[in-house]
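Structural features, examined
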Amino acid sequence: GDSVTQMEGPVTLSEEAFLTINCTYTATGYPSLFWYVQYPGEGLQLLLKATKADDKGSNKGFEATYRKETTSFHLEKGSVQVSDSAVYFCALLNYGGSQGNLIFGKGTKLSVKP
Amino acid sequence: DTAVSQTPKYLVTQMGNDKSIKCEQNLGHDTMYWYKQDSKKFLKIMFSYNNKELIINETVPNRFSPKSPDKAHLNLHINSLELGDSAVYFCASSQGQGHSPLHFGNGTRLTVT
């Protein structure tokens, strides 16, 4: 079945460091890919998405490119801030599937130190 | 003007009790969901409701029952609570059943003692 694999955390960085959180997926067909972020004590929020190969999703300085050849959707940010500390979830939704079929990775906790 | 609101935020109860968690969304969405997040942050879909009709029911014990009085509300009732039910439960909503993003509530932390 479809699945999402994320790098295990926690990831601890200093402010202004470069961030990469790896995400790879297994899916039949042509899924849409998402990154959600969960700040402490809150629900998940959509951070960015890409719906087809080679699309780049971006938001708040974060970027991820849908790479079909490597089945990856790695999250990157050039300079992280303390306020970026959160848990990041990679997710997949297969074509024709409903949001209830959204498949999440296990989350990667990011801590940014001043 | 919270988009998806859940109550209570925290719920501590004993094994065997029956409890409910309420969820309301003011986004006009027609699909609502319940997710369970375990202690390792792993998220799993429990239920999905579209226009008051259950459209997904994953392998969830029948002690859990969603109830939707209207399309803006989806409540979760849990009977005979067990220790393993301890988790954070998130309500979410979306417009349609396609690829529109989910909007999550802030979660209800359930602790069963």
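Quick note: structure is the one above.
All residue numbers refer to positions counted from 1 along the written sequence of the respective chain. Chain letters and ligand numbers both follow the written order, the letters beginning at A and the numbers at 1. For this predicted model, a pLDDT threshold of at least 70 governs which residues receive local features, and a threshold of 80 or more governs which side-chain atom pairs are given and counted, while totals over whole chains, interfaces and linings are taken from all residues. Side-chain numbers come from the whole structure's heavy atoms, not from hydrogens or water.

Points about the overall build of chain B
The following threshold applies: Runs of E in the DSSP output that reach at least two residues are strands. Runs of H or I that reach at least four are helices, and both are numbered from the N terminus. In this treatment the radius of gyration is a C-alpha quantity, and the globule benchmark scales as 2.2 Å times the residue count to the 0.38 power. Relative accessibility under 20% of the residue-type maximum defines a buried residue, over 50% an exposed one, and the middle range a partly exposed one, all with a 1.4 Å probe and only protein chains included. All accessible-area figures derive from a Shrake-Rupley calculation using a 1.4 Å probe, and residue coverage is judged against the displayed protein chains alone. Positive charges come from Lys and Arg, negative ones from Asp and Glu, while His and the chain ends are left out of the count. By convention, the charge on Lys lies at NZ, on Arg at CZ, on Asp at CG and on Glu at CD.
Counting its regular elements, chain B contains 0 helices and 11 strands. Counted from the first residue to the last, chain B has its helices and strands arranged as β-β-β-β-β-β-β-β-β-β-β. What you see for chain B is a C-alpha radius of gyration of 13 Å, in line with the 13 Å of a compact globule of 113 residues. Across its three principal directions, the C-alpha atoms of chain B cover 35 × 30 × 25 Å. Burial status across chain B gives 45% buried among its 113 residues. A total of about 5600 Å² of accessible surface is found on chain B, and carbon and sulfur atoms cover 49% of it. Taking the 12 positively charged and 10 negatively charged side chains of chain B as two groups, their mean positions are separated by 6 Å.

Details of the interface of chain A and chain B
The following threshold applies: Any two residues whose heavy atoms approach within 4.5 Å at even a single point are treated as in contact. Note: buried area is the sum, over both parts, of the accessible area (probe 1.4 Å) each one loses when the two are combined. Take a side-chain nitrogen of Lys or Arg and a carboxyl oxygen of Asp or Glu: if they are within 4 Å of each other, that pair is a salt bridge. Amino acids outside the nonpolar list (Ala, Val, Leu, Ile, Met, Phe, Trp, Tyr, Cys, Pro) and the charged list (Asp, Glu, Lys, Arg) are all regarded as polar, and Gly is one of them.
At the interface, 25 residues of chain A touch 21 residues of chain B. Counting the surface lost from both chain A and chain B, the interface buries some 1700 Å², and carbon and sulfur atoms represent 57% of this. Where chain A touches chain B, the interface holds 0 salt bridges. Those elements that place two or more of their residues in the side of chain A that touches chain B are β5 (32–38), β6 (44–50) and β10 (86–93) of chain A. Here the side of chain A that touches chain B is built from residues that sort into 10 nonpolar, 12 polar and 3 charged.

Brief notes about the side chain of T108 of chain B
Residues and elements named next belong to chain B. For clarity, the cut-off: Whenever two N or O atoms come within 3.5 Å, that pair is a polar contact, provided that in protein one can donate a hydrogen and the other can accept it, and provided that, for residues adjacent in sequence, both atoms are side-chain atoms.
Mapped onto the elements of the fold, T108 is located in strand β11 (residues 108–112). Under the relative-accessibility criterion, T108 is labelled buried at 0%. A distance of 3.1 Å separates polar atoms of two side chains, one belonging to T108 and the other to Q6. Aside from chain neighbours lying at most four places away, what touches T108 is Q6, T7, P8, K9, L11, I21, A87, V88 and Y89.

Considerations on the environment of A27 of chain A
Structurally, the position occupied by A27 of chain A is in the loop between β4 (23–26) and β5. Apart from the residues within four sequence positions on either side, A27 of chain A is in contact with D2, L92 and N94 of chain A.

Some details on the nonpolar core
Proteins that are soluble and globular tend to have nonpolar side chains buried together. Short version of the rule: Think of a nonpolar core as a cluster: buried Ala, Val, Leu, Ile, Met, Phe, Trp, Tyr and Cys residues, connected wherever their side-chain atoms sit within 4.5 Å.
Counting residues in hydrophobic clusters, the biggest one holds 26 residues, and the most contacted among them are W35, L47, L48, F73, L75 and Y88 of chain A. Breaking this core down by element, the ones donating at least two residues are β2 (11–14), β3 (19–21), β4, β5, β6, β8 (62–65), β10 and β12 (108–113) of chain A. It is β10 of chain A that provides the largest number of residues to this core, a total of 4 residues. For Y88 of chain A, the residues in contact, after removing those within four places along its chain, are Q6, I21, W35, Y36, V37, L47, F62, L75, G107, T108 and L110 of chain A. The next biggest cluster of nonpolar side chains, apart from the first, holds 20 residues, and it includes W34, V60, Y89 and C91 of chain B.

Some details on the sheet that holds strand β1 (residues 4–7) of chain B
Residue and element names in this part refer to chain B. Convention followed: Pairing between two strands requires that DSSP report at least two bridges joining them. Each axis is a line fitted through C-alpha atoms, taken for helices only over the stretch in contact, and angles between the N-to-C directions span 0 to 180 degrees.
Pairing is antiparallel in the open sheet, where 4 strands are placed in the order β1-β3-β8-β7. Edge strands, defined here as strands with exactly one partner in the open sheet, are β1 and β7 (64–67). In this sheet, neighbouring strand axes are inclined to one another by 15° on average, regardless of whether the strands run parallel or antiparallel. With 3 bridges joining them, strand β3 (residues 19–25) and strand β8 (residues 75–78) adopt antiparallel strand pairing. Pairing of S20 across the sheet is with H77, part of β8.

A short note on the packing of aromatic side chains
This is how the line gets drawn: Pairing of aromatic rings covers Phe, Tyr and Trp, the last through its six-membered ring, and needs centres within 6.5 Å; plane angles under 30 degrees mean stacked, over 60 mean edge-to-face, and all others mean tilted.
Applying the stated criterion to the full structure yields 12 aromatic pairs over all chains. Measuring from centroid to centroid gives 5.7 Å for Y36 of chain A and F104 of chain A, while their planes differ by 65°, and the two rings are edge-to-face. Taken together, the positions of Y36 of chain A in strand β5 and F104 of chain A in strand β11 (residues 103–104) put the pair 68 residues apart, joining distant regions of the chain. Measuring from centroid to centroid gives 6.2 Å for F90 of chain B and F104 of chain B, while their planes differ by 85°, and the two rings are edge-to-face. A residue pair is termed long-range when its members are at least 10 positions apart, and F90 of chain B in strand β9 (residues 87–94) and F104 of chain B in strand β10 (residues 103–104) qualify at 14 residues. F104 of chain B sits in the buried class, given a relative accessible area of 9%.

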